[in-house]
Amino acid sequence: MSAAETFTYKEAIARALREAMAANPKAFVLGQDVGKFSIGGVTKGLIDEFGAARVRDCPISESAMIGMGAGAAMNGYTAVIELAYADIAAVAFSSIVHSAAKLHYATNGQLRCPLVIRSPINRFSRHGPMGTDVTLSWFMNVPDLDIAMPASPGEAYWLLRHAFTRPVPTLFLEDRSLNPLSGPCGPRPDPPGRARTVRKGSDATAIAAGRMAVLAEKAAERLARSERPADLRVVSLGAVKPLDRGSILEAARATGRVLIVQEEPPLGGYGPAIQSLLDELPMGALKRQPRLLARPDTFLPYNREENVLPSVDSIVAAARELLA
Amino acid sequence: MSAAETFTYKEAIARALREAMAANPKAFVLGQDVGKFSIGGVTKGLIDEFGAARVRDCPISESAMIGMGAGAAMNGYTAVIELAYADIAAVAFSSIVHSAAKLHYATNGQLRCPLVIRSPINRFSRHGPMGTDVTLSWFMNVPDLDIAMPASPGEAYWLLRHAFTRPVPTLFLEDRSLNPLSGPCGPRPDPPGRARTVRKGSDATAIAAGRMAVLAEKAAERLARSERPADLRVVSLGAVKPLDRGSILEAARATGRVLIVQEEPPLGGYGPAIQSLLDELPMGALKRQPRLLARPDTFLPYNREENVLPSVDSIVAAARELLA
Amino acid sequence: MTAPSAQRNDVPPGAAPVEFLRLMLRTRLFEEFCMRLKKEGAVLGNTYPCLGQEALGVAALALAPGDAVFPSYRSRAIVFGKGATAEQHFRELIGAPESEQGGREVFHHAAFPGLGIMPSSSMIGGWAPTAAGYALTQHLERSGTVTVCVIGDGVLGAGDLHEALNIAGVWKLPFVLMVENNGYQVSAGWNQVRAQRAIAPYVQPYGFVTRPVDGNNPFDVFHSTAWARAEALAGRPAMLDCETYRMGGYSSHFGEPRTGIEEELAAWRRRDPVAFMEDWLLRQGGSSKQALAALRAEEAEAIASAWQSARREADRR
Amino acid sequence: MTAPSAQRNDVPPGAAPVEFLRLMLRTRLFEEFCMRLKKEGAVLGNTYPCLGQEALGVAALALAPGDAVFPSYRSRAIVFGKGATAEQHFRELIGAPESEQGGREVFHHAAFPGLGIMPSSSMIGGWAPTAAGYALTQHLERSGTVTVCVIGDGVLGAGDLHEALNIAGVWKLPFVLMVENNGYQVSAGWNQVRAQRAIAPYVQPYGFVTRPVDGNNPFDVFHSTAWARAEALAGRPAMLDCETYRMGGYSSHFGEPRTGIEEELAAWRRRDPVAFMEDWLLRQGGSSKQALAALRAEEAEAIASAWQSARREADRR
Ligand SMILES: Cc1ncc(C[n+]2csc(CCOP(=O)(O)OP(=O)(O)O)c2C)c(N)n1
Ligand SMILES: Cc1ncc(C[n+]2csc(CCOP(=O)(O)OP(=O)(O)O)c2C)c(N)n1
Ligand SMILES: [Mg+2]
Ligand SMILES: [Mg+2]
């Protein structure tokens, strides 16, 4: 893969998956409609290349599918489970948290569990309160569960490759609304899972993951071009867990002002976790209290979810307040 | 119930449940071993008083049990589901979040869902990483889901009574290790769900829920009696959701220093949520950044979980740091 | 235990076959109308057409007003049968704030409690426990009413279904499980997701009486539902295994996921329930081509104007 | 499809009946030892005695070393049968940092992967999917080995079990489900939690072959396991419905939850598998009272010294 070559977000995920399966004969895919008819398109062609034994269409049994992934891990296999959409992780919550995430810990490291749970965020698909949410905060405080929420093809590619190397499962929150995004995958980040400064800036730092990082970058550009130009640094987490404490603290110290943007309500997720982290800074290290821009404490409606979600406008406004 | 009369924590829960069922003929109990053999003791006698139709022993089907509670709510009933222990909410996560919590919202208020999920925290029962945890943070960012985590007989009694009046479900995280605690139930708090100042103090405020609030009070007493006496205010949340923002901000302003104590890891739960809330205070309103004392980002072991949990000692030490 | 093979094709006393056709036609025309709207971009929401499965809606005509129905997302016919109107549906599809769900929930999960139409769930299987819970309250009240839970055959894979059926069986709830057994789960044929096509063998051990139903025959659907209702009220939860076929796509937001279905599709087209009912009315119902054409025009007109007024209402904002 | 009734009482070729007794005795004495330790406060952990169910452990003797077992929390016998020692168990019970689980997991979920003993789960039903996943890898590797998933009969209520069985059946995995069918779920008799006592009817539709087993007869357990293993390897997932009885309490941390069991308990005591095996060895095995007493003393001694050395190891810290 040449550094110049560009991919869409979706192509990057598909490529990482394909390459991981080619590299590891013990990697396999479970999901509904992941075979001949690749419903999300990410698994397209995998069944032809790797065969029906390693690309398996399943009944509507996500709890068992993820539990089976944990059981397969006990014999050295890596299962990639594709959920129809992120909200569905709810029916497999026990398998994710108890069966998969606790395996390495409870067996005192005797068994590893490099499981990959692809949970596509379905926002803007008009699937209503049970079919369009982000669901990251359900898992934010679960130890030994990596969470990836890529904002670019490069983040998606490298975080997915990285997931196959871990002793613990990864919840991979890809965002279908970002599928058309295009860019290079770039070199392997070192360390893998490091937060990415997508835009330099010295007045304040915006920290976000996934689609919110994309909007934050747009907001930063608009601020830079505005009459009263401001210079917003943008940090894209990519890996939400483990949280890259170092990069966050560094950006916070450097700019003295921090805005965190997330699509979920404000009582959980990476937002409050980062505010909690920033409270570890010495008194006066920040010029202002960190600010969290989140959606109100409500579910996502079928119609007009955009009305309750952060937007480029609301990010710009929040940044202005923070800079005032 | 005379204000003087005292009850144990467990008696207070049992009494609230009994009175609620007596007051509401459409209230009923689902659980395993809740009938003749009342495994936790809380439901003892209910089957004799209200009959087997309203106190129903169930198969090991928590997801269905809670889903059934939501369905019963659609016809005006209030189900009280007793889980064997809090960790088991994982197998019913979808029923709790999708079927129960979203019912009132998704039907635009056409249907109410006053469901009570009794989730006893089993810590110190030697049931290991899947059988002794607190599990509050799984639900902290779920809208329209009340969370109660009582620290005293009074909190337990009134919060349980309150749950029956709500249009949304309540996750009732009672703590079995507090069962022997004894005290009066006192008058109905107004508004219900208000945080409780269990100890006055002006140097700093400790905020916690459940067992951690009990430990915080002990720590405050020890600090008061120490050579370098300090005056720690202790706020017991009782109701973690909806969060009593007013009482928290008031105590924070009054003392200028805030210590939050929770048993779960530091990346979720009420701790970071309260730190996030405190960031809304104007610059300088606090003398120090809020401090979160939480267990490390790990699961609870079968043996010696006390080693990773906050203790009176560690609360005292954290308070000292905060006061330094 | 399976039902005695009862008469399945005679006209049920008190039922008007022309109303069977009206319900099926309304459903057919509504689904086609919604597909057009989606194609034209006139609506953003997705629909899950029940083309070919319209006869299942006749079950509603064998129910009492107090009976509750928990539909699947492909149960338009039974929802119409319980009394929801095309205009109500369009308002939900548009997501109007004035709609019963206030634009918060997808239209195929819309609840109309006053009509006994209860919410479904986006979590496949999730509405089986809620339906069983509703049936429990009917049982506690000895209300003489039943709950009908409608599921697709893909739901057999979901643990929630089994948990709910086991409890409904042990507690002998007034619960009727109606399976839209169309043999597919999106792209997967039934044999990729379960060991046998029939659902009855899975459900009988839970203590259910079961009956195989020709899901494309409105008479069989009507009689079987009446039977199931009586059984359920007598303390024998019942299950109707309705064999049918999805004559249209899986949903309005992507194309046909099934492959190699040309022959079976053609075979099932010959069993189109709407055509069957029209044919029956002509041959045995004493109806005429003109009358049927008029009925069709009437329903088409009603749907078109329902859309217009729902649209107007929304535009007023 | 059910198994042909095979011989169930003859001595299996290559098996030494005295080893059946040794395994059962070891289990019985270990369970009693643990109950004493708990009573005396010598350990904090709880145990879930399998008193009366010891014959089920003989299944391990019909398995190959490469076969994996996912035990229930009441499967001490099969875990011993797979080669875990009393000392290993005591170290887990104490929660010693030197133990394989490092004191992190309860002893009845301890994993000894090298012995083919895989972790159970505190979530009832949770280990059925993990076991099926392990069986999938054996299937992919054509390893010629099987996975045995052991569950109590109360697990029938858990959705995870049904999801896992349906998949194992469709994919024809080398999977053996062994049910410790003791008729109770803590205080609830089987008829409070399911419509019928037998588990086979629930499992057959998933594509499993099934066989009723006298769970108190070690010969039947051995033969049935050998049969199930062969079936599973031939692409027919198998289920053994082992009828047995819990002759002791539910767990060491609270008293007997069952009421009115005096008569059935007495009846089952007459079928005590340990007594049965001792009797068999005396009558048909050419053994002597002295030999059996010596065996019992040997096992008792071994357990006592295992406890001593585990205790000493812990005290050294
Ligand atoms: C728990 C869960 N898993 C997956 C999905 C995605 N999904 C929606 S419908 C469906 C297929 C359902 O098939 P079936 O029940 O046969 O209904 P049909 O479309 O044939 O009418 C799937 C997999 C979901 N909504 N919920
Ligand atoms: C999901 C879940 N629900 C409830 C429990 C509490 N619990 C532990 S064991 C048990 C009974 C199991 O009965 P059975 O499977 O028959 O095993 P037995 O005790 O009879 O050997 C229950 C209800 C649990 N551990 N997990
Ligand atoms: Mg189908
Ligand atoms: Mg049992």
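Peer 1: Could you give an account of the interface of chain B and chain A, with specific residues and numbers?
Peer 2: Listed per partner, the contact involves 49 residues of chain B and 49 residues of chain A. When the buried area of chain B at its contact with chain A is split by residue, Asn 141, Leu 267 and Phe 299 of chain B rank highest and sum to 19% of it. Across the chain B-chain A interface, the total number found is zero salt bridges. The interface formed by chain B and chain A includes 20 residue pairs in polar contact (both at pLDDT 80 or more). Elements that contribute at least two residues to the side of chain B that touches chain A include exactly α4 (93-101), α5 (103-106) and α9 (270-278) of chain B.

Peer 1: Any details on the pattern of salt bridges? Residues and values, ideally.
Peer 2: Scanning the model with the defined rule gives 72 salt bridges over all chains in all. A network of salt bridges, in which partner residues are shared, links Glu 19, Arg 22, Arg 26, Glu 298 and Glu 299 of chain C.

Peer 1: Describe the relation of the copies chain B and chain A, with residues and values.
Peer 2: Each copy of the sequence occupies a distinct position, and chain B is placed on chain A by a rotation of 180° and an axial shift of 0.0 Å, giving an RMSD of 0.0 Å. Seen this way, the second copy is the image of the first under a two-fold rotation axis.

Peer 1: Tell me about the coordination of the magnesium ion (ligand 4), and please be specific about residues and values.
Peer 2: Coordination of the magnesium ion (ligand 4) by the protein comes from Asp 153 of chain D (OD), Asn 182 of chain D (OD1) and Tyr 184 of chain D (O), over a distance range of 2.1 Å. Considered as a linear motif, the donors of the magnesium ion (ligand 4) on their single chain read D-x28-N-x1-Y.

Peer 1: Report on the sheet that holds strand β10 (residues 204-208) of chain A, specifying residues and quantitative values.
Peer 2: All names here are of chain A. Strand order across the open sheet formed by five strands is β9-β11-β10-β13-β14, with mixed pairing between neighbours. Looking along the sheet, the strands with just one partner apiece sit at the ends: β9 (196-199) and β14 (291-293). Each strand axis lies, on average, 25° off the axis of its neighbour in the sheet, ignoring direction. Across three bridges, the pairing between β9 and strand β11 (residues 232-236) is antiparallel. In the sheet register, Arg 199 faces β11, and the bridge partner there is Val 234.

Peer 1: With reference to specific residues and values, describe the site of ligand 1.
Peer 2: Near ligand 1 there are 20 residues, and of these Glu 62 of chain A together with Tyr 73, Arg 74, Ser 122 and Tyr 184 of chain C occur at the shortest range. One chain alone does not account for the residues near ligand 1; they come from chains A and C. A distance of 3.4 Å separates a nitrogen atom of ligand 1 from a polar side-chain atom of Tyr 85 of chain A. Take Ser 122 of chain C: an N or O atom from its main chain is 2.8 Å from a nitrogen atom of ligand 1. In the shell around ligand 1, the residues fall into 11 nonpolar, six polar and three charged.

Basis of the calculations
- Position numbers for residues start from 1 in each chain and track the written sequence from start to end.
- Chains and ligands are labelled sequentially in the order written, the chains with letters from A and the ligands with numbers from 1.
- Only residues with pLDDT of at least 70 are given local features in this predicted model, and only at 80 or more are side-chain atom pairs given and counted; all residues enter the totals for whole chains, interfaces and linings.
- As a rule here, side-chain values cover all heavy atoms of the structure and leave hydrogens and water aside.
- Between two residues, a contact is recorded if the distance between any of their heavy atoms is within 4.5 Å.
- Accessible area that two parts lose when put together, evaluated with a 1.4 Å probe and summed over both, is termed the buried area.
- Should a side-chain nitrogen of Lys or Arg be within 4 Å of a carboxyl oxygen of Asp or Glu, the pair is scored as a salt bridge.
- Here a polar contact means two N or O atoms within 3.5 Å. Within protein one must be a hydrogen donor candidate and the other an acceptor candidate, and residues neighboring in sequence count only if both atoms are side-chain atoms.
- Strands are runs of DSSP state E lasting at least 2 residues, helices are runs of H or I lasting at least 4, and numbering of each runs from the N terminus.
- A least-squares fit on C-alpha atoms brings the copies together, and the residues used are those whose pLDDT is at least 70 in both copies.
- Donor atoms: N, O and S within 2.8 Å of the metal, or within 3.2 Å for Na, K and Ca. Because water is excluded, sites can look incomplete.
- Any two strands with at least two DSSP bridges between them are considered paired.
- Helix axes are fitted only over the stretch in contact, all axes being lines through C-alpha atoms; the angle between N-to-C directions runs from 0 to 180 degrees.
- Throughout, the term near means that a residue has one or more heavy atoms lying within 4 Å of the molecule or strand in question.
- Three classes are used: nonpolar for Ala, Val, Leu, Ile, Met, Phe, Trp, Tyr, Cys and Pro, charged for Asp, Glu, Lys and Arg, and polar for all others, with Gly counted as polar.

On their own, these measurements won't tell you what the molecule is for.
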